[in-house]
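Residue-level listing of the chains:
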Amino acid sequence: VTLSVVIGTYNRLTLLQKCLQALTEGIHVSCEIVVVDAGSTDGTRDYLKQLQGVRLVEDEALIGQAQSLNRVMLALQSEFVCWLSDDNVLVDRMLDTAVRILKKNHKIGMVGLKVKDVTGHAVNRPYIGGTWISGVLNCNQGVLPTQLFQQLGGFDEEFCDYGIDADLTTRVLLAGYQV
C-alpha cells in the first residue's frame, strides 16, 4: 500500500459519507482507508461495516483525536500516511499530488491538503488549508512519510483534539524538513 488514509469520526454519518465519497472518487494511488470511530450511535458503525475497502477501528469512548489516530497511524506499514477530518472533502486528485510531491523531493516532510469544508465557518470558501507565516501547517490535514510520522512519535496526545496539526508540522520543520 502506498498511502494509508486515516479518518476520525464521531456521530457525523452524513458528513463522513461525503468525505468518503470524495475520497474514493478522487484518489488513484494504491491506498487503504481506515476510519477510527469514537463510539458513534448514529448508524456510522453499521454503515462502515457494510463498505468494502474501508477498515473500521472502534474506540469505545471519546479518548481524543490524537490518541485515536496514533493507535492506528503508529502501527501502519504504508509508505505514506494521511489524516483527514470527517467534515472535509478532498479537492480532486489532491492525495495523488501530495504523494507525487513527497516522492519527488525528499526534503519535503509533509504536504498540507486543500480540502472543501462542508460544515462550519469556511463552508463558502473554495477550499481551506495552508500554512501560517512561520511555515506551520494550519489546515488540520496532511500527508507525510509514515516512517517520519512514526519517528516523530505521532501526534502529541497532550493536545487531545486541537493543535495536533500545528504541533506535528512544527516537529517536521524542526527535524529539518520542509512543509
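Treat the numbers as computed from the prediction; the structure is a model and nothing was measured.

A.B. asks: What's the story with the packing of aromatic side chains in this structure? I'm lost.
C.D. replies: Two aromatic rings, taken as a pair, are described by how far apart their centres are and by the angle between their planes. Summed over all chains, the structure comprises two aromatic pairs. Residues tryptophan 83 and phenylalanine 155 carry aromatic rings whose centres are separated by 5.1 Å and whose planes lie at 80° to one another, so their mutual orientation is edge-to-face. Here tryptophan 83 is found in strand 4 (residues 80-85), whereas its partner phenylalanine 155 is found in the loop between helix 5 (146-151) and helix 6 (164-174), with 72 residues between them in sequence. Between phenylalanine 149 and phenylalanine 155, the ring centres sit 5.2 Å apart and the planes meet at 70°, which makes this aromatic pair edge-to-face. By relative accessible area, which is 0% here, phenylalanine 149 ends up buried. By way of ring pairs, the aromatic residues Trp83, Phe149 and Phe155 are connected into one cluster.

A.B. asks: Please explain the side chain of serine 4 as it appears in this structure.
C.D. replies: Here serine 4 lies in strand 1 (residues 3-9). Judged by relative accessible area, serine 4 falls into the buried class, the value being 0%. If we ignore the near neighbours within four places in the chain, the residues touching serine 4 are Glu32, Leu76, Ser78, Phe80, Val81 and Cys82.

A.B. asks: Any chance you could explain the sheet that holds strand 8 (residues 142-145) here in plain terms?
C.D. replies: Working definition: the strands of a sheet are paired by backbone hydrogen bonds and lie parallel or antiparallel to each other. Strand order in the open sheet made by the six strands is 3-2-1-4-8-6, with mixed pairing throughout. In this open sheet, the two strands that pair with only one neighbour each are strand 3 (54-58) and strand 6 (111-112). Relative to strand 8, strand 6 is paired through two bridges, and the arrangement is antiparallel. If you follow glycine 112 over to strand 8, its bridge partner there is glycine 142. This element, helix 1 (residues 13-25), spans strand 1, strand 2 (31-37) and strand 4 of the sheet and lies at about 170° to strand 1.

A.B. asks: Can you help me understand the nonpolar core in this one?
C.D. replies: Looking at soluble globular proteins, one finds that nonpolar side chains tend to be buried together. Ranked by size, the top nonpolar core spans 25 residues in total, and within it Leu3, Ile7, Leu23, Leu84, Leu95, Leu113 and Val143 carry the most contacts. If you tally residues by element for this core, the top one is helix 4 (residues 94-104), at five residues. Beyond its immediate stretch of four places on either side in the chain, leucine 84 contacts Val5, Val6, Ile7, Gly8, Cys19, Leu23, Leu90, Leu113 and Gln141. Counting 19 residues, the second largest nonpolar core, distinct from the first, contains Val36, Val72, Phe155 and Ile164.

A.B. asks: What is the right way to look at helix 3 (residues 65-73) in this model?
C.D. replies: Every α-helix carries 3.6 residues per turn, so stepping three or four residues along brings you back to the same face. The element helix 3 is largely enclosed, with a buried count of seven among its nine residues. Among all positions of helix 3, only Gln65, Ala66, Ser68, Leu69, Asn70, Val72 and Met73 are buried. Looking at the buried positions of helix 3, the neighbouring elements they touch are strand 1, strand 2, strand 3, strand 4, helix 5 and helix 6.

A.B. asks: How do you make sense of the pattern of salt bridges when you look at a structure like this?
C.D. replies: Note on pairing: side chains with opposite charge can pair once their charged atoms come close. Scanning all chains against the criterion turns up nine salt bridges. Between lysine 103 and glutamate 79 there is a salt bridge, with its nearest N and O atoms 3.9 Å apart. Of this pair, lysine 103 sits in helix 4 while glutamate 79 sits in the loop between helix 3 and strand 4, and the two are 24 residues apart along the sequence. Glutamate 79 gets classed as partly exposed once you look at its relative accessible area, which sits at 41%. Three or more residues are tied together by salt bridges with common partners; here these are Asp37, Arg45, Lys49 and Glu58.

A.B. asks: Would you take a moment to explain helix 6 for this structure?
C.D. replies: The complete set of buried residues in helix 6 reads Ile164, Asp165, Ala166, Asp167, Leu168, Thr169 and Val172. Where the residues of helix 6 are buried, they touch helix 3, strand 4, strand 8 and helix 5.

A.B. asks: Even after reading the chapter, I still don't get the pairing of strand 8, so can you show me in this structure?
C.D. replies: Two faces belong to every sheet, and in a regular strand the side chains alternate between them. Bridge count for strand 4 against strand 8 is four bridges, and the pairing is antiparallel. Directly across from cysteine 82, in strand 8, lies its bridge partner valine 143.

Basis of the calculations
- Residue positions are given per chain, counting from 1 as you read along its sequence in written order.
- Given that this is a predicted model, residues contribute local features only at a pLDDT of at least 70 and side-chain atom pairs are listed and counted only at 80 or more, while totals for whole chains, interfaces and linings are drawn from all residues.
- Hydrogens and water molecules were not included; the side-chain quantities draw on all heavy atoms of the structure.
- Aromatic pairing here means that ring centres of Phe, Tyr or Trp (its six-membered ring) are within 6.5 Å. Orientation follows from the plane angle: under 30 degrees is stacked, over 60 is edge-to-face, and everything else is tilted.
- Numbering of helices and strands runs from the N terminus, with a helix taken as a DSSP run of H or I at least four residues long and a strand as a DSSP run of E at least two residues long.
- Per-residue accessibility, obtained with a 1.4 Å probe over protein chains only, is compared with the maximum for each type, and a residue is labelled buried under 20%, exposed over 50%, and partly exposed between these values.
- Only heavy atoms matter for contacts: two residues are in contact if any of them lie within 4.5 Å across the pair.
- Two strands are said to pair when DSSP picks up at least two bridges between them.
- Note on geometry: axes are C-alpha line fits, over the in-contact stretch for helices, and angles between N-to-C directions span 0 to 180 degrees.
- In plain words, nonpolar cores are sets of buried Ala, Val, Leu, Ile, Met, Phe, Trp, Tyr and Cys residues tied together by side-chain atoms within 4.5 Å.
- Any Lys or Arg side-chain nitrogen located within 4 Å of an Asp or Glu carboxyl oxygen qualifies as a salt bridge.

Take it as geometry only, folks, not as evidence of what the structure does.
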